[in-house]
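Reading the structure
Here is how the chains run, residue by residue.
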Amino acid sequence: MDSTLACLAAWMPRQRWYAAKGRTPTLRFVASWDLPLDPGADDDSDAHVRTYLVTDEGSLPPVTYQVPVVARATSSVDAAAAHVIGNPEPGTTLIDGPFDPAYAGALLRMAAHGGEGRGSRTLARGVPSPAAPPTARHAESAVVTGEQSNTSIVYRLENAAHVPVICKVFRQVHPGLNPDIELQTALAAAGSSRVPRAIGSIEGQWPDPSDPRNTTSGSLAFAQEFLPGVEDAWRVALRAAASGEDFSDRAYALGVATAEVHVSLSALFPSNETTPADRDATRRTWRRRLSTAIAEVPQLAASEDAIEAVYGRAAEERWPALQRIHGDYHLGQVILVPGRGWVLLDFEGEPMRPMAERVRPDLALRDVAGMLRSFDYVAGSIRLDQPDRSRESVREWALTARRAFLRGYAAASGAELDATRHLLDALELDKAVYEAIYESRNRPTWVPIPLLAISRLIARD
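A brief look at the structure comes next. (Residues numbered from 1 in each chain as written. Predicted model: local features only at pLDDT ≥ 70, side-chain atom pairs only at ≥ 80, totals over all residues. Heavy atoms only, no water.)

1. Let's talk about the pairing of strand β9 (residues 150-157)
Most of β9 sits out of view: 7 of its 8 residues are buried. Here β9 pairs with strand β10 (residues 165-170) via 6 bridges, running antiparallel. Paired with Ile-153 across the two strands is Cys-167, which belongs to β10. (Buried < 20%, exposed > 50% of the residue type's maximum accessible area, 1.4 Å probe, protein only. Helix = DSSP H or I, 4+ residues; strand = E, 2+ residues; numbered from the N terminus. Pairing = 2+ DSSP bridges.)

Next comes the structure, spelled out in structure tokens:
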């Protein structure tokens, strides 16, 4: 086991989903289980498929990762190939599971048709949905590139009558049902066309990393309908803004789709009235984030009082009820499907927030504010790419799209947005403050985008 952990510790820092960049993890074994292979697959004869749960105790707080691997004879593996993890013992090579057909096939069979994977002090069980295809045999699988916190595998099934499937492997695991599974499965089961159909999921039980005497459980993977040949709303909007094309009709439809999902979520899950304690907790979060932003983006200090004034006006309004929401909503989380319209993805919530916070009821206006910020980012990125472009023309494009989105949202939700205008301003302002922190740490040349938004929001009457 020590040699396997050493291989993983050397390999994990190079992976996009590893949270503590630039540091070698301090790994502790939590549990493992084996996935049954397909006896009819020729390329599985020398494969051993195992999933490890390991906790990085060097992180604060510690983070538990899911690491699926395929062990094959070294003689059958190209040592220079991508996604080779290492050699824990002579003659054996470990491969990152999602990139090996043996693991990819075992994962889909378990998610779509149930079954169990058993091993050391743990259990993984598939939970299929009624939409699961009658067979999980697949012609090919491919890993989606560009993801950061998870790894997704796309399957194109042998039977062309069945839609392709995408299965997301959660790299960081948490106790409890992942909201991505919980919300999308409920919406799809209720007949919503605004989310992909759920195919199945995999849940696991393992020793609690903080107290091995206890057992915890949580989500490991989620399979759903894959919609090929589509573009996300960010690319659609960016192309329209770059060419000066009017986006108002599509923005209005996006507002309608957003409202329809919010209305469905409020019917499917409990909602509760906002209490004074909820308001106070929200304002403390706003102030804490602002203090961090001022420390990292000093030019914000001059606007501190004006920002606090926006937060104060929001506190005087009547806040709507709290309900389940998307939680990390922006143009990149929506795709445009021909004949179906806008479809929402990735209900996992903000990856940096603890899971316990992501599953709490929240303000639906938080999602609205996130989308408004996304329209501003389209305009800001166009200005960076086209410095000769008139700022006024790009800004007008964003304003038109924002207003159309709000009209569509209000029409489909029945929400009186004028009555909560100050709250929406405060939520958008808080998001822009967060963006200023993020950009200062990661993309300093993009800092002007949130700073301009902050100036605009504090200048509103």
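2. Let's talk about the environment of Asn-87
Of note, Asn-87 is situated in strand β4 (residues 84-89). Sequence-wise, Asn-87 and Arg-441 are 354 residues apart; in three dimensions their C-alpha atoms are separated by 36 Å. In contact with Asn-87, other than residues within four places in its own chain, are Cys-7, Thr-74, Thr-92 and Thr-93. Engagement of the side chain of Asn-87 in a polar contact is seen with the backbone oxygen of Thr-92, the distance being 3.2 Å. (Contact = heavy atoms within 4.5 Å. Polar contact = N/O pair within 3.5 Å; in protein donor to acceptor, adjacent residues only side chain to side chain.)

3. Section: the packing of helix α11 (residues 421-442) against helix α12 (residues 448-459)
As a packed pair, α11 and α12 sit with axes 8 Å apart at the nearest point and diverge in direction by 155°. The angle between α11 and α12 places the two elements in the roughly antiparallel class. The handedness of the crossing between α11 and α12 is left-handed. Within the contact between the two elements, α11 uses Asp-425, Glu-428, Leu-429, Ala-432, Val-433, Glu-435, Ala-436 and Glu-439 and α12 uses Pro-450, Leu-451, Ala-453, Ile-454, Arg-456, Leu-457 and Ile-458. Looking at the contact of α11 with α12, its residues break down into 10 nonpolar, no polar and 5 charged. (Axes fitted to C-alpha atoms, helices over the stretch in contact; angles between N-to-C directions. Parallel < 35°, antiparallel > 145°, perpendicular 65-115°, else oblique. Left-handed = near helix turned anticlockwise from the far one by under 90°. Nonpolar A, V, L, I, M, F, W, Y, C, P; charged D, E, K, R; others polar.)

4. Regarding the sheet that holds strand β15 (residues 341-344)
Paired through backbone hydrogen bonds, the strands of a sheet run either parallel or antiparallel to each other. Strand order in this open sheet of 3 strands is β13-β14-β15, and the pairing throughout is antiparallel. Lying at the two open borders of the sheet, with one neighbouring strand each, are β13 (231-232) and β15. Relative to strand β14 (residues 334-337), β13 is paired through 2 bridges, and the arrangement is antiparallel. Residue pairing in the sheet places Glu-231 in a bridge with Leu-336 of β14. Its contacts with the sheet put helix α5 (residues 248-268) on β14 and β15, and the angle it makes with β15 is roughly 45°.

5. Some thoughts on the side chain of Ser-381
With respect to the helices and strands, the residue Ser-381 is situated in helix α9 (residues 364-385). Residue classification places Ser-381 among the buried positions, given a relative accessible area of 4%. Polar contacts involving the side chain of Ser-381 include one to the main-chain carbonyl oxygen of Val-378, which spans 2.9 Å.

6. Observations regarding unusual backbone geometry
Of note, the amide linkage connecting Leu-60 to Pro-61 takes the cis form, showing an omega dihedral of -5°. The topology assignment puts Pro-61 in the loop between β2 (48-56) and β3 (63-73). If you check the backbone angles, His-83 has positive phi at about 75° while not being a glycine. Judged by its relative accessible area of 33%, His-83 falls in the partly exposed class. Phi angles above zero are rare outside glycine, and Asp-346 is one such case at about 55°. Of note, Asp-346 is situated in the loop between β15 and α8 (355-358).

7. Here we look at the environment of Ala-221
Among the structural elements, Ala-221 can be located in strand β12 (residues 211-225). When the C-alpha positions of Ala-221 and Val-169 are compared, they lie 4.5 Å apart, and in sequence the two are 52 residues distant. With sequence-adjacent residues up to four places away left out, Ala-221 is seen in contact with Leu-107, Cys-167, Lys-168, Val-169, Phe-170, Ile-181, Ser-201 and Ile-202.

8. Examining the nonpolar core
Core analysis: the largest hydrophobic core is formed by 68 residues, its most contacted members being Phe-247, Leu-254, Phe-375 and Trp-397. In terms of residues, this core owes the most to one element, α9, which gives 10 residues. The next biggest cluster of nonpolar side chains, apart from the first, holds 33 residues, and it includes Val-70, Leu-107, Ala-132 and Val-173. (Core = buried A, V, L, I, M, F, W, Y, C linked by side-chain atoms within 4.5 Å.)

9. So, the pairing of β10
For β10, a buried count of 6 out of 6 residues is recorded, marking the element as mostly surrounded by other parts of the structure. Every second residue of β10 is oriented toward a common face, with Val-165, Cys-167 and Val-169 on one face and Ile-166, Lys-168 and Phe-170 on the other, all of them buried.

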